[in-house]
Structures are given as C-alpha cells and as structure tokens.
Amino acid sequence: MKPIDLQHYKKILFLGDSITYLAHYVNYMDTYLTTHFNESKPMLINLGLSSETASGLSEAHHPFLRPCIFQRLEPTLEKIQPDLVIACYGMNDGIYHPPSDERLDAYQKGMRQLAKIVEQKGCDLVCLTPPPFDAQMIDPTCLKDAYGDDYGFMKPYEGYDQVLQDYGKWLMSEPLGLGTIDIYSDVAAYIDAKRLEDPHYVSGDGIHVCSMGHFLFTKALLKQLFNISLERVPEYVEYPEQNALYKLIEYKNHLISDTLLEDIGHGNEALVLQSVGIENLQSKVEAVQIQINELLLQEQPCEAIETITFKGYKGYQFYSQGRECILIEPKVPTKMRHWVWRAEFFDAFSYADMALLEAGWHLAYCNLSDMYGNPQSVELMHDFYTKVVKDFNLNSQVDLFGFSRGGLYTMHYATQYPEALRSIYLDAPVLDLCSWPGSLGKGIGSSLDWQQALWQYALDEKDAKTYFKSKALEAMNDLVNTQIPIILVAGDADEVVPYEENGEKLVHLCKAQERDITVIVKPHIGHHPHSLEDPSPIVTFIQSIEQISN
C-alpha cells in the first residue's frame, strides 16, 4: 500500500459491522480532515451495519440470522460508486466460538469474495484487522470455556480474542486489495498499558472499544493512507459533546448512513433507522455542510494555537498542513530570534537543545515521523519553516538538528532549501537508507522500517538498492556544496547506523573538497546515547556562527 494523495480519492466508503456502524472512528477521521483539508478532502460515507459478517455465519441463538455483506454489497457499490472501500470485518465472523478451521475458512472465503467484487466494480480496497475482544469487560458468568456448546455474542468463548488475532494475521499476510491496516496491535497495546496503570480500566464493552480505541483506528488510517502522524488527542475525542464541529459532522454522517441503509436495504431485522428519505437527503446534507463551512470560517480551527508549558518554558502547539507542530519560547530570545529545529525525535537526548533554549534559541518541531526524508516530507518541512518564520517572527535561517533517521530529513531539506539553514547538527545520522534500515552493509537494520521506507519512496525491493545508493551519494555531494556549517557527532561502535557507512562518508567528501566540517567521534559508543551530556562543544559551534555572521 502506497501513501495516498488526499485528492486522489473523491469518495471513500466504509463497510463493517456494528463497530463501524457506531461511526466514531469514521467521524474522528472526517472531523480531522475537515478541519485541515476541507476543500480537498474526500467524502467519507459510513455504511457499516450492526451484526453483519463477511463469513455468512450466524450463531444458533442469535435473535435473527446475521446479515452478510453480500446481501447488499453490489447494490451498495453501484449506488455509492466509491473510489476506495475500507472494510472492517471479523468481530462477528467467528460467531464468538472457539477457534475452528471451518469458521476461519468461511471468513477467508468471504474476505476474498469481498475483494474480488470490489475490484470488479473498479474500486480500491483497504482491509482493517478486527480489533481486540476484551474478555475482562464481559460478565464472567457469561463467558464460556472451550468445552461449551452454546456460544454467541451473549455467551462468548473466553479466549475469543485469539480467534480475532488469527483472522488479523491471515489478513495481514493475504494480498487483498491495496493491503491491510493493523488496528488490532495498537488497540491491544493501549489496553495493556492502561491496565498496568489501572487493572480495572474500562476499554469498552468487550466487543465495542471505547472512544480512544476508535481514535487509534483513526490514527492508523491517517498514517497509512495519508502519511499523517498524530500524537495528540483532539478535543472532540475526549469531549465530543463540547465540540460543535464534531457534532455537526456526526449528525451529517448519521443522516447519510441511516438514509442510504434504508434505501439500499440491509437485512438487520432489529435495526431502527432514522432516515430522512432518499429524496430529501441531498438538501439535508447541503444544509448541514453550510453550517460546517460557516463554523470553519468563524473559528478557523486549522489555525488554532494552543499555549502549553514545557519544562518551565512557554510553548505552543499548532498545525501546519495538518501536521502537529511545537514551538518552545526561550525566556529571553536572542536579538536575532534564532531557533533550533529538530527534524525527528523531539526532546530525545536534548542536551544541546535545552542549552540553546536557555541561551535564547526557540525550539521547534513538526511531526513528519516515518517519512524517511522523502520528497513529500521535504515540502511539508518547508511549509512548516515558512509558517514558523512568518507567524512567530523568527530568523529566516534555522539551526537544523538531524538525529538518527532525522539525518535524512536534514540532508534532503538542506539540499533543496540551503538558504533556509544557518547550521546543521547531525548526530549518528542516517544518510544512506541501504545502510539503515536496509541492512545492506554492516548494520543490523530493521525489516519493518525498510518496508516503510520502500513504501514512502514508492519503490520495489529490486529497485531500492540502486536508487538509494545513488540518491545518498548525490545528496551528500549536494550537501557538501551548500557550504552550510556542519557539526557531526557519532559513536564509532554504532551497529545500528554504522558511522563508516553514513557520517564518515560525508566527512570524507568534505575533506576531498577541502570543505570544513566539525567532527566529534565518540570512542566505543554505539547508536545510543545520542549527543553529549556536556553539549558545550555543540553549543559553542552553533553560537560561534552567530558571532561570525554578526
């Protein structure tokens, strides 16, 4: 699955069971995209249906025969004509029984058939793994062990979560559509972490996760589909009733879902819909959209700046092109309003950052994680740079810090926008993706990060080595030619990002061209710890540039 331009798809259809019908993750995603990309975002249509399966199975004591997606799939696709279908099935497909080859086979056949029909209709497909089943949230008297014979959603098998894990692992290994996004792992890890803090943490009702679970779905979708990494939890997730924009979007999406489900037909005998009638739907939706647009115009949430406190300093949280940003103010700014920009890993091994903050530098960060310095990330970086210089009246030249993979961002940004940089501080930098994460040299590498890097650069495995090797050499030569002052710190025993395959190559190129570079090699030190606990050599280097330029 490759990253998708927000304007590539005009209409995205969500299918699934009651977890999708509840619409929280769809509404969160819609609210986020509306806030930051209202004019260019795709239309999101949620037609999840409670009790539905892809397997066609139904437990004996279910109040009615569970509907199956194939009862409505083709008329739904013909009616909606989506560009992309996102499907989340699995929770109901094992009908809350213990593991079974027959039920797994029915699920697999169903998902393959779903993919085939969607493809035949000319749509792209992305699958989601089923989320966790949390037995702790079920009344213990209702849980049944492996030797029961009367399983169902009211009396589920106590180990049903393993069934969902098996379904998810199969999905991740099966080439369906554009691929599968793993939502299980993040939600399960979140629940485990919360249970360490509070053994009685309520994650939902066992089948349906709570709002934070749905937000984790949203984060995964935004990350995998649109290259948007989120760390902060928006207000509308924590306090949906207090957010007017979210409530309008929720209402609009509910109108669409219920009206279209009634018009197309669905097969859930117990579902009570609040349809406005298909003939009235467009006018009703347009009226709500006018309210949404007016609210965006009045409040301009994409421009909102939130004041924060960071280690005793005043700071700001805001967005640039929908990406999370941070700016920390020094107590007394330098006369030239200098600033440090962390390309990656804000506040990690921040000895030099904090020393410069104390000396009057602003600190800045834009969350472009896991983009590996690709061309899109470079342009997003420049959008951020332009915004910060203008909105916060900072110096037009910045001191850019590239730690580890942040070296890729720093190098590629510097070669594209050298006039924006005052100095560069590289720390155990990745400069060649073949070295890390590719492990095509001495380094231990990372198979997951390698696949992500291939994804970010839209490369196949067979083309990657040649491309990355030539790109690294070209970029390092271009960096040398910029004449931007550089300081480089690295450990000579780095087995993750070997110095001789990365930083040392840059040093050799500088020496070959009789170009100055300050180098600090730490003997017998690996990839961690980064930086210097006494950062004075780094700080002195950066401050000396100020003295020279003045």
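Nothing here was measured: the structure is a model prediction, and the numbers come from that model.

Draft legend 1. The arrangement of the overall build of the chain in detail. Each helix and strand in the chain was counted, giving 17 helices and 14 strands. Relative to its length of 550 residues, the chain is compact, with a C-alpha radius of gyration of 26 Å against a globular reference of 24 Å. Dimensions of the chain, computed from C-alpha atoms along their principal axes, come out at roughly 80 × 50 × 45 Å. Burial statistics for the chain: of 550 residues in total, 57% are counted as buried. Considering only contacts within the chain whose residues lie at least 6 apart along the sequence, 74% involve residues at least 24 apart. Only carbon and sulfur atoms are counted for the fraction: they give 50% of the accessible area of the chain, which is about 23400 Å². Charge-centre separation for the chain: the mean point of 43 positive side chains lies 3 Å from the mean point of 76 negative side chains.

Draft legend 2. Looking closely at helix α6 (residues 184–197). Across its 14 residues, α6 extends 20 Å between first and last C-alpha, which sits within 8% of the 20 Å expected from 1.5 Å per residue. Of all the residues in α6, the buried ones are Y184, V187, A188, I191 and R195. The buried residues of α6 occupy an angular sector of 95° when the element is viewed end-on, so they sit on one face. Set apart from the buried face of α6 by more than 90 degrees, the exposed residues are L196 and E197. Tucked into the core, α6 has its buried residues touching α5 (160–173) and α7 (211–226).

Draft legend 3. Layout of the environment of G213. You can see G213 is positioned in helix α7. When the C-alpha positions of G213 and F37 are compared, they lie 24 Å apart, and in sequence the two are 176 residues distant.

Draft legend 4. Representation of the pairing of strand β12 (residues 421–427) in the model. In terms of residue burial, β12 counts as a mostly covered element, since seven of its seven residues are buried. Relative to β12, strand β11 (residues 398–403) is paired through six bridges, and the arrangement is parallel. What sits directly across from L400, in β12, is I424. Remark: the β11/helix α13 (residues 406–416)/β12 crossover connection has right-handed handedness.

Draft legend 5. Inspection of the sheet that holds strand β6 (residues 306–310) at higher detail. Across the sheet, nine strands lie side by side as β6-β7-β8-β10-β9-β11-β12-β13-β14; this open sheet has mixed pairing. Of all strands in the sheet, those with a lone pairing partner are β6 and β14 (518–522), marking the two edges. Shown here is a sheet whose adjacent strand axes are inclined to one another by a mean of 20°, direction ignored. Against the sheet, α13 makes contact with β9 (339–342), β11 and β12, and its axis sits at roughly 140° relative to β11, the strand it touches most.

Draft legend 6. Fine view of α13. Counted residue by residue, α13 has nine buried out of eleven residues, so it is predominantly covered. For α13, the set of buried residues is G406, G407, L408, Y409, T410, M411, H412, Y413 and A414. Of the surrounding elements, those touching the buried residues of α13 are β9, α12 (375–391), β11, β12 and α15 (461–482).

Conventions and cut-offs
Residues numbered from 1 in each chain as written. Predicted model: local features only at pLDDT ≥ 70, side-chain atom pairs only at ≥ 80, totals over all residues. Heavy atoms only, no water. Helix = DSSP H or I, 4+ residues; strand = E, 2+ residues; numbered from the N terminus. Rg over C-alpha atoms; globule rule 2.2 N^0.38 Å. Buried < 20%, exposed > 50% of the residue type's maximum accessible area, 1.4 Å probe, protein only. Contact = heavy atoms within 4.5 Å. Areas by Shrake-Rupley, 256 points an atom, 1.4 Å probe, with all protein chains shown as cover. Lys, Arg positive; Asp, Glu negative; His and termini not counted. Charge placed at Lys NZ, Arg CZ, Asp CG, Glu CD. Expected span 1.5 Å × (residues − 1). Arc of directions from axis to C-beta. Pairing = 2+ DSSP bridges. Right-handed = clockwise from strand over helix to strand, strands pointing away. Axes fitted to C-alpha atoms, helices over the stretch in contact; angles between N-to-C directions.

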